[in-house]
Amino acid sequence: MLYEREPELARIDTAVRRAQAGRASALLLAGPVGIGRSALLQEAGDHPPGALRVLRANAASMEQDFAFGVVHQLLGPLLAGDLTVPADAGGAARPDPTGGLPAPGDEDAAGSEVVLHRLRSLLAEACATTPVLLLVDDLQWADLPSLRWLAYLARRPHGLRAVLVCTLRDGDPRAQHPLIRGIADAADILRPGPVSLDSTRALIHHHFGEPADDSYAHACHDTCAGNPLFLRSVLRDLALSGHRPTAEHAEQARVRRPAQLRDRLAGCLHTQPGPVRDLATALAAFGDHGEPDLIRRHARLDTTGYRQALRTLHHLGLLGPVPGAAESGEGLPAQDPAAQDTPRFLHRVVRDAVESALTVAERERSRYAAAELLHQAGHPAEHVADLLMAVTATHRPWAVEVLRAAAEAALRRGEPGLAARRLQRALLESTAGDGERARLLIELAGAERGIDRAACERHISQAVRLLPSATDRAAAALRIPPSFLGEAPPSGVDLLRRASEDLDPTAPHQGCAREIVLRLEARLWHAGHENPTELTGAVERLRALGSPPPLDTGGARELAAVLTNAAVLSSALPAPDVAALAERILEREPVTAARAGTALPLVAVAQYAADAVEGIHARLSCERHSDGSHAVVHAEHALMQLACGRLVQAREQGDRAAELADADWREPTAVVRAAVAMETGDIQLIESLLEDAGKRWPDSLALTAMLQLLKASLDARRGRGAHALRSLLACGRQLEAAGWRNSALYPWRPRAIVLHHRLGEARQARALAEEELAWARQWAAPAALGRALRLKALLPGGGGVPALRESAEILRTSANTLELARTLLQLGRAMEGGKESRAVLREAADLTTACGAPWLTERACAALGTTAPSVEAPLTHSERKVVSLVGRGLTNQEIADELGVSTRAVEKHLTSCYRKLGVVGRRELLGGRSSGRAFAAR
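Residues numbered from 1 in each chain as written. Predicted model: local features only at pLDDT ≥ 70, side-chain atom pairs only at ≥ 80, totals over all residues. Heavy atoms only, no water.

## Some points on the overall build of the chain
Then, number 1: Summing up its helical and strand segments, the chain has 47 helices and seven strands in all.
Then, number 2: Looking at the chain as a whole, 54% of its 938 residues are labelled buried.
Then, number 3: Considering only contacts in the chain between residues 6 or more positions apart, those separated by 24 or more positions represent 68%.
Then, number 4: Accessible surface, the chain as shown: approximately 40,500 Å² in total, 51% of it carbon and sulfur. (Helix = DSSP H or I, 4+ residues; strand = E, 2+ residues; numbered from the N terminus. Buried < 20%, exposed > 50% of the residue type's maximum accessible area, 1.4 Å probe, protein only. Contact = heavy atoms within 4.5 Å. Areas by Shrake-Rupley, 256 points an atom, 1.4 Å probe, with all protein chains shown as cover.)

Following this line, the structure appears as structure tokens:
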């Protein structure tokens, strides 16, 4: 199928009509590789039989030495025995089985004017009755005798009812042959251009059988620059791989590099002279980081040779368009391409084609030479590192420093995986002593701590063996990130313990050494937080530090945070004391401190459990402003919003934390989201978390407990109360065995009370309610105590309305408005009508609406005898942002780049938006269908 070739076909049709009137002409279809010359020539020969005789020839590079080969392809069909040659002196005209054609490969006849005239006469006889259309593909490969005859024919068109149409590839060495230039001078030159975006859409529909999303069509068109060969090759490859032309697969269209296209381009380059191949090799070596002068030096070309070779690559169509450059009539830059910006290949597959012609050793030498030139020219370290990563070790001193600088830049940009790969390569390059190698290992571990904890620990362990100083070894051991959930690996604990013993923690250390000792102690205490004996020891250590404990340094605050966490898990200190200590820790901790690699985020957990969030919101806002790209900030925000009963905001912050979470924070973030899921009852989120848990959650008490709570929540919502109760009781037994008694963090007992009550197990429900109330009075957090009173009032003999009034009064001192709303709803129902009952229920309805709990709003309105307001599921801030970017026409990949998230996260947001807004795709989202809700969401 041809697209946008109507002007060229019209010109050929006009020439045919002129030939029918006795006016011969010649046309030359010229253009770069893949522009569609052959397809256009094939279409030009599609005429109804009888009206026109079409003669075809296809030249081939392997047949250039076969004299008159093209002539025989063209005129051979005329030899059907009905042509005659003039009679000799003795008789009448006679049939000539050769038609006057010279024998194939007859070099002696190649230069004969008589032969050329005889061939023209043969053609003239053939077109005397029917016009003839001569089609020659790839004129640049025609043999010389055939070229001579075609040039002879083009210069002597008079008296012929024929049209000669040839194709010529720009940039081929033989395209400048005098005979070909002579044909071009006598012919009208047609240059098909790249296809438009609309034709790209049509081609996609042709290959996939369905229309393409805008982002997919743009990806294909931009990547292939409208070149039909490149475009068809990419689409064919994608279709065979089972891809669909959707926005989610747009990036695949950008990076696809078809092997068949690569081999064809490699064959094209193979025919080029040495300077052109050398320049292509230099461009491939530099990738996206070269500049004209460096590329010229790499190719060992002088300025003139560079300009000529560059012009050839432009003619071949292997280079992308020059930004902002006007084009000449030949589709090339009007200005000298050597004077423009750095040349770039049209498509990544061109680079593959160039490198496929090189040996491994040649590729290595080429890339290293490019890297050295970039380094000497002072280019950014990351550009040089990209090239160094593609070769084997060079063992050059400058390479190590370049790779380290590039790794540091990648870390600043939030790409630890890339930084780790560069540092691994730096280790291969390094020939320095133990100290330098240890420094590289520590830097590598720092890059790996967020993506591969095991590798981080392994490299720290290797570095420790190379460090001579106990202080340096201890500081290196602290680079291993703390395990927020679960026990630390034994090897990591052993490394910390040995480092602590080397420093002698009982000695009177000062300055940096004291800071290291305190941090080591914090890590060792936290490593045993699942052990009840260690938990008790940590609480005793906290008491031994005094009230308040020393908080003058970061190490002292980290130790206090870990010990406070032990007191929270075991409920060994009342909530007011925990809240006061947490507040003192944060008052002294700088907002800009890099807390994600320490145990200090445990302070937020303590404040959440203690129902003490009054003074933390301003600090969290500052933290978000200073380091809003880290998962820890959003996880803390989610906890604080949950502590206030703001479910929509908590969900939003939890999702954002999950998008940003690295290896250190993946599981802690999952625990935060699990707490949100249990409060909201979002079955979709619960199922998603349970699915993730089966794939990658490590074996730890915190995660196991949350997993059991999630399963119980899902079972309860699906009517499997007995199954849910068993999960809750199993969870409780595990937590109690570890000494974890805080229901504010793991509310297995409150949920079990409700299930016992529903199942008619009054005795068990009452026993658990008494335990929960006793614990809540000891813990003394308003949210926990108010909830315990409400649960007890739910049971017969549990205090009824007076207990609920007490619960409401206590909860009015809490930040958790959702717990207050639940109590008010239960209190209003228990009052059984009356003015006060209705006032309480109306307040409950208002609070549940503000908290984002529509199921509770419906219950309150049902008790009031009114209809709950219709409230659509609100879009989160992240979802609203994604919808606005879709409205600007951005693709999924562009949205991901804009927001700093993965394309998978963007897809999840869009799926959620479609579900909430009742639309089925981007078109409806942009068109504002479904009663205008999509526009309202924007």
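## Some thoughts on helix α35 (residues 721-738)
Then, number 1: Compared with the 26 Å implied by 1.5 Å per residue over 18 residues, the 26 Å span of α35 between its first and last C-alpha is a close match.
Then, number 2: Every buried residue of α35 is listed here: Gly721, Ala724, Leu725, Ser727, Leu728, Cys731, Gly732, Leu735 and Ala738. Seen from one end, α35 has its buried residues packed into an arc of 160°, which puts them on one side. Opposite the buried face of α35, by more than 90 degrees, sit the exposed residues Arg726, Arg733 and Ala737.
Then, number 3: Where α35 is buried, its residues contact α25 (532-544), α34 (701-717) and α36 (748-758).
Then, number 4: With its phi angle positive at about 85°, glycine 739 sits one or two positions after the end of α35. (Expected span 1.5 Å × (residues − 1). Arc of directions from axis to C-beta.)

## Some remarks on the packing of helix α40 (residues 817-831) against helix α41 (residues 835-851)
Then, number 1: Where α40 contacts α41, the axes come no closer than 8 Å and their chain directions differ by 150°. Taken together, the axes of α40 and α41 are roughly antiparallel relative to one another. The hand of the α40/α41 crossing is left-handed. Residues Thr817, Leu818, Leu820, Ala821, Leu824, Leu825, Leu827, Gly828, Arg829 and Met831 of α40 touch α41, and the partners they reach there are Glu836, Ser837, Val840, Leu841, Glu843, Ala844, Leu847, Thr848 and Cys851. (Axes fitted to C-alpha atoms, helices over the stretch in contact; angles between N-to-C directions. Parallel < 35°, antiparallel > 145°, perpendicular 65-115°, else oblique. Left-handed = near helix turned anticlockwise from the far one by under 90°.)

## Re unusual backbone geometry
Comment: phi is negative for the bulk of residues other than glycine, and the bulk of peptide bonds are trans.
Then, number 1: A cis amide bond links serine 547 with the next residue in sequence, proline 548, at an omega value of -5°.
Then, number 2: By the secondary structure assignment, proline 548 is in the loop between α25 and α26 (554-570).
Then, number 3: Although it is not a glycine, aspartate 138 sits at a positive phi angle of roughly 60°.
Then, number 4: For aspartate 138, the location among the structural elements is in the loop between β5 (132-137) and α5 (144-155).
Then, number 5: On the basis of relative accessibility, which here comes to 12%, the residue aspartate 138 falls in the buried class.
Then, number 6: Look at alanine 225: it is not a glycine, yet its phi comes out positive at around 55°.
Then, number 7: Tracing the sequence through the fold places alanine 225 in the loop between α8 (214-224) and α9 (228-240).

## What to know about the sheet that holds strand β2 (residues 53-58)
Then, number 1: Taken in spatial order, the five strands of this open sheet run β2-β5-β6-β1-β7, and their pairing is parallel. Each edge of the sheet is formed by a strand with only one pairing partner; in this case those strands are β2 and β7 (188-190). When the angles between neighbouring strand axes are averaged without regard to direction, this sheet yields 20°.
Then, number 2: By the bridge criterion, six bridges tie β2 to β5 in an arrangement that is parallel. When the bridges of β5 are listed, alanine 57 appears paired with valine 136.
Then, number 3: Those strands touched by helix α1 (residues 6-20) are β1 (25-31), β5, β6 (162-169) and β7, and its axis lies near 150° from that of β6. (Pairing = 2+ DSSP bridges.)

## Some words on the nonpolar core
Then, number 1: In terms of nonpolar packing, the biggest core is built from 118 residues, with Met706, Leu709, Leu710, Leu735, Trp740, Tyr746 and Trp779 touching the most fellow members.
Then, number 2: Of all hydrophobic cores here, the second largest spans 101 residues; its members include Trp398, Leu403, Leu444 and Ala474. (Core = buried A, V, L, I, M, F, W, Y, C linked by side-chain atoms within 4.5 Å.)

## Observations concerning the pattern of salt bridges
Then, number 1: Across all of its chains, the model carries 49 salt bridges by this definition.
Then, number 2: With a shortest N-O distance of 3.0 Å, aspartate 386 and arginine 422 are connected by a salt bridge. Taken together, the residues aspartate 386 in helix α17 (residues 381-388) and arginine 422 in helix α19 (residues 416-429) connect sequence positions 36 residues apart.
Then, number 3: Each of Glu736, Arg741, Arg749, Glu771, Glu772 and Arg787 takes part in salt bridges that share partners, so that together they form one network. (Salt bridge = Lys/Arg side-chain N within 4 Å of Asp/Glu carboxyl O.)

## What about the layout of surface pockets?
Then, number 1: The volume enclosed by the second largest pocket comes to roughly 940 Å³.
Then, number 2: Residue lining of the second largest pocket: 29 residues in total, with Arg751, Val754, Arg758, Arg822 and Arg859 positioned closest to the centre.
Then, number 3: Elements represented by at least two residues in the lining of the second largest pocket include exactly α32 (666-680), α34, α35, α36, α38 (782-794), α40 and α42 (854-864).
Then, number 4: With six residues, α36 is the largest single contributor of residues to the lining of the second largest pocket.
Then, number 5: Residues of the lining of the second largest pocket, tallied by class, amount to 15 nonpolar, four polar and ten charged. (1 Å grid on protein atoms, 1.4 Å probe; cavity = no way out; pocket = protein on both sides within 12 Å on 5 of 7 lines; lining within 4 Å. Points joined across faces, edges and corners; volume = space filled by probe spheres on them. Nonpolar A, V, L, I, M, F, W, Y, C, P; charged D, E, K, R; others polar.)

## A short note on a negative patch on the surface
Then, number 1: A surface patch of negative charge is lined by Asp222, Glu251, Glu894, Asp897 and Glu898.
Then, number 2: With three residues, helix α44 (residues 892-899) is the single largest residue contributor to the negative patch.
Then, number 3: For glutamate 898, the position within the fold is in helix α44.
Then, number 4: For glutamate 898, a relative accessible area of 44% puts it in the partly exposed group. (Patch = residues over 30% accessible without salt bridge, like charges linked within 9 Å, V, L, I, M, F, W, Y side chains within 5 Å. Lys, Arg positive; Asp, Glu negative; His and termini not counted. Charge placed at Lys NZ, Arg CZ, Asp CG, Glu CD.)

## Regarding empty space enclosed by the protein
Then, number 1: Scanning the entire structure with this criterion turns up seven cavities of 30 Å³ or more.
Then, number 2: Roughly 310 Å³ of volume is contained in the second largest cavity.
Then, number 3: Surrounding the second largest cavity, 23 residues form its lining, Tyr608, Glu679, Ala744, Arg787 and Asn816 being those nearest its centre.
Then, number 4: Of all the elements in the fold, those that place two or more residues in the lining of the second largest cavity are α28 (602-609), α30 (631-643), α32, α38 and α40.
Then, number 5: When the residues that make up the lining of the second largest cavity are grouped by side-chain class, the tally is 16 nonpolar, two polar and five charged.

## A short note on the confidence of the model for the chain
Then, number 1: For the chain, the average pLDDT comes to 86, and 87% of its residues sit at 70 or higher.
Then, number 2: A low-confidence stretch, residues 323-339 stays under pLDDT 50, and its non-local contacts, those more than four residues away or across chains, total 26 contacts.
Then, number 3: In this model, residues 928-938 is a region of pLDDT below 50 whose contacts with residues beyond four sequence positions or in other chains number 23 contacts. (pLDDT = per-residue confidence, 0-100.)

## Here's the deal with the packing of α30 against α32
Then, number 1: With their axes 10 Å apart at the nearest point, α30 and α32 run at an angle of 25° to one another. It follows that α30 is roughly parallel to α32 by the angle criterion. Seen from above, α30 lies across α32 with left-handed handedness. The residues of α32 that touch α30, namely those facing Ala631, Ala635, Ala638, Leu639 and Leu642, are Thr669, Val672, Ala675, Val676 and Glu679.
Then, number 2: A breakdown of the residues in the contact of α30 with α32 according to their chemical character gives eight nonpolar, one polar and one charged.

## Some words on the pairing of β1
Then, number 1: Burial runs high along β1: seven of the seven residues are buried.
Then, number 2: A two-sided burial pattern is seen for β1, the buried positions comprising Ser25, Leu27, Leu29 and Gly31 on one face and Ala26, Leu28 and Ala30 on the other.
Then, number 3: As defined by bridge partners, β1 adjoins β6 across seven bridges and the pair is classed as parallel. Each bridged residue has a counterpart across the sheet, and for leucine 27 the counterpart in β6 is valine 165.
Then, number 4: Across three bridges, β1 lies against β7 in parallel orientation. The partner of leucine 27 across the bridge, within β7, is aspartate 188.

## Describing the environment of proline 468
Then, number 1: Note that proline 468 resides in the loop between α21 (453-466) and α22 (470-477).
Then, number 2: With a relative accessible area of 72%, proline 468 lands in the exposed category.
Then, number 3: As a C-alpha pair, proline 468 and aspartate 434 span 34 residues in sequence and 9.4 Å in three-dimensional space.

## Structural notes on the environment of threonine 867
Then, number 1: Mapping threonine 867 onto the fold places it in the loop between α42 and α43 (877-887).
Then, number 2: Considered as a pair, threonine 867 and threonine 857 are ten residues apart in the sequence and their alpha carbons are 9.6 Å apart.

## Comments concerning helix α2 (residues 37-44)
Then, number 1: When α2 is considered as a whole, its buried residues turn out to be Arg37, Leu40, Leu41 and Ala44. Across the axial projection of α2, the buried residues extend over an arc of 100°, all falling on one side.
Then, number 2: Packed against the buried residues of α2 are α1, β1, β2, β5 and β6.

## Some details on the packing of aromatic side chains
How two aromatic rings sit relative to each other is given by the distance of their centres and the angle of their planes.
Then, number 1: Across all of its chains, the model carries four aromatic pairs by this definition.
Then, number 2: With a centroid separation of 6.2 Å and 15° between ring planes, the pair formed by tryptophan 775 and tryptophan 779 is classed as stacked. Here tryptophan 779 and tryptophan 775 lie together in helix α37 (residues 762-779), a separation of four residues that amounts to about one turn. A single burial state applies to tryptophan 775 and to tryptophan 779, both of which are buried. (Phe/Tyr/Trp six-rings, centres within 6.5 Å; stacked < 30°, edge-to-face > 60°.)

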